[in-house]
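# Observations on the model geometry
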Amino acid sequence: MNAASPSLARQHRETVLRVLIPVGVVVALILIWHLTVTLSGVPQYILPSPGAVAGAMVKDWGTLAPALWVTTQITLAALALALIGGVGIAVFLIQSKWIETAFYPIAVILQVTPIVAIAPLILIYAPTTQVALLVCAFLVAFFPILSNMVQGLKSVDHNLLNLFDLYGASRWQTLIYLKLPASLPYFMTGLRIGGGLSLIAAVVAEFAAGSAGAGSGLAFRLLEAQYRLNIPRLFAALILLSVLGVVIFGITSFIAWLSLHRWHESSLKREN
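This section reports on the structure supplied with the text. Keep in mind that this is a model prediction, so the values were computed, not measured. (Residues numbered from 1 in each chain as written. Predicted model: local features only at pLDDT ≥ 70, side-chain atom pairs only at ≥ 80, totals over all residues. Heavy atoms only, no water.)

## Examining a nonpolar patch on the surface
Judged by side-chain polarity, I239, V243, V247, I251, F254, I255, W257 and L258 come together as a nonpolar surface patch covering roughly 710 Å² of accessible area. Residue position: I239 is located in helix α11 (residues 231-260). (Patch = residues over 30% accessible without salt bridge, like charges linked within 9 Å, V, L, I, M, F, W, Y side chains within 5 Å. Areas by Shrake-Rupley, 256 points an atom, 1.4 Å probe, with all protein chains shown as cover. Salt bridge = Lys/Arg side-chain N within 4 Å of Asp/Glu carboxyl O. Helix = DSSP H or I, 4+ residues; strand = E, 2+ residues; numbered from the N terminus.)

## A word on the pattern of salt bridges
The final tally for this structure, using the stated rule, is 5 salt bridges. The salt bridge partner of D60 is R233, with a shortest N-O separation of 3.1 Å. Taken together, the residues span a long stretch of sequence, with D60 in the loop between α2 (50-59) and α3 (61-93) and R233 in helix α11 at a distance of 173 residues. With a relative accessible area of 9%, D60 lands in the buried category. (Buried < 20%, exposed > 50% of the residue type's maximum accessible area, 1.4 Å probe, protein only.)

## Section: unusual backbone geometry
Excluding glycine, residues mostly carry a negative phi; peptide bonds, for their part, are mostly trans. For L229, which is not glycine, the phi torsion reads 55° and is therefore positive. Within the secondary structure layout, L229 lies in the loop between α10 (218-227) and α11. According to the relative accessible area criterion, L229 is exposed, its value standing at 61%.

## Examining the environment of E206
By secondary structure assignment, the location of E206 is in helix α9 (residues 184-209). Judged by its relative accessible area of 4%, E206 is buried. For the pair E206 and A137, spaced 69 residues apart in sequence, the C-alpha separation works out to 9.8 Å.

If you want it as structure tokens, here you go:
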């Protein structure tokens with residue numbers, strides 16, 4: 001019991017430091033920002049102080065909160081569709097080298113085509129603006145998940161594949177009990193990447209769409225604040241977008257840790 005106490009204390013200290021260091025850096029940056037604005041006398045319409053941004057966030061929360069919810073909905077829906085589509089098509093592609101050769105280049109073409117170039121076409125053909133935004137976000141988040149999943153399904157240990165063949169496992173048994181579990185680390189990498197990209201794509205698509213009104217997201221509120229020279233509100237909307245991105249990354253990282261920390265080398269703690 002006594003031997004374990006120093007180890008537990010050390011782990012607790014590391015956890016506290018892991019939280020305090022990033023928080024301290026953020027606080028220091030905010031303090032530098034405040035001092036820079038205060039000492040240099042920069043006008044608020046060029047660079048607002050942290051206090052002005054906080055005041056704008058409180059004052060305009062009734063406008064920013066619904067926009068934040070719209071952007072969050074589009075981002076999460078696009079990520080969910082990208083996960084389902086990416087995993088499903090990855091399983092389809094690995095069934096045959098000819099299938100992968102025929103269809104994988106189409107996914108590459110969709111990925112390398114700038115979303116701002118095809119967003120106008122999607123806006124024309126989509127039934128509503130919200131559907132167009134969802135499609136744009138889906139297309140950007142889809143390929144990283146597909147690419148990582150294909151790589152994971154193709155990276156299974158050949159000795160294990162031979163063992164499954166030796167015991168007469170069917171193709172679906174091999175897929176469910178070997179290939180999918182073995183590809184989980186690759187899938188989690190795609191999940192983290194896709195989460196951030198879906199948010200970026202949702203914002204870029206809304207910029208391209210120029211959607212306005214009650215159903216608009218934070219991207220429109222950014223443009224609106226820019227046109228009105230309401231720079232504190234612009235910074236407030238930008239901070240909300242950043243916080244949303246950090247939250248999505250934190251959730252996806254936690255899901256990855258929860259899935260891998262008991263068995264995969266990337267999440268196991270080294271003993272030395």
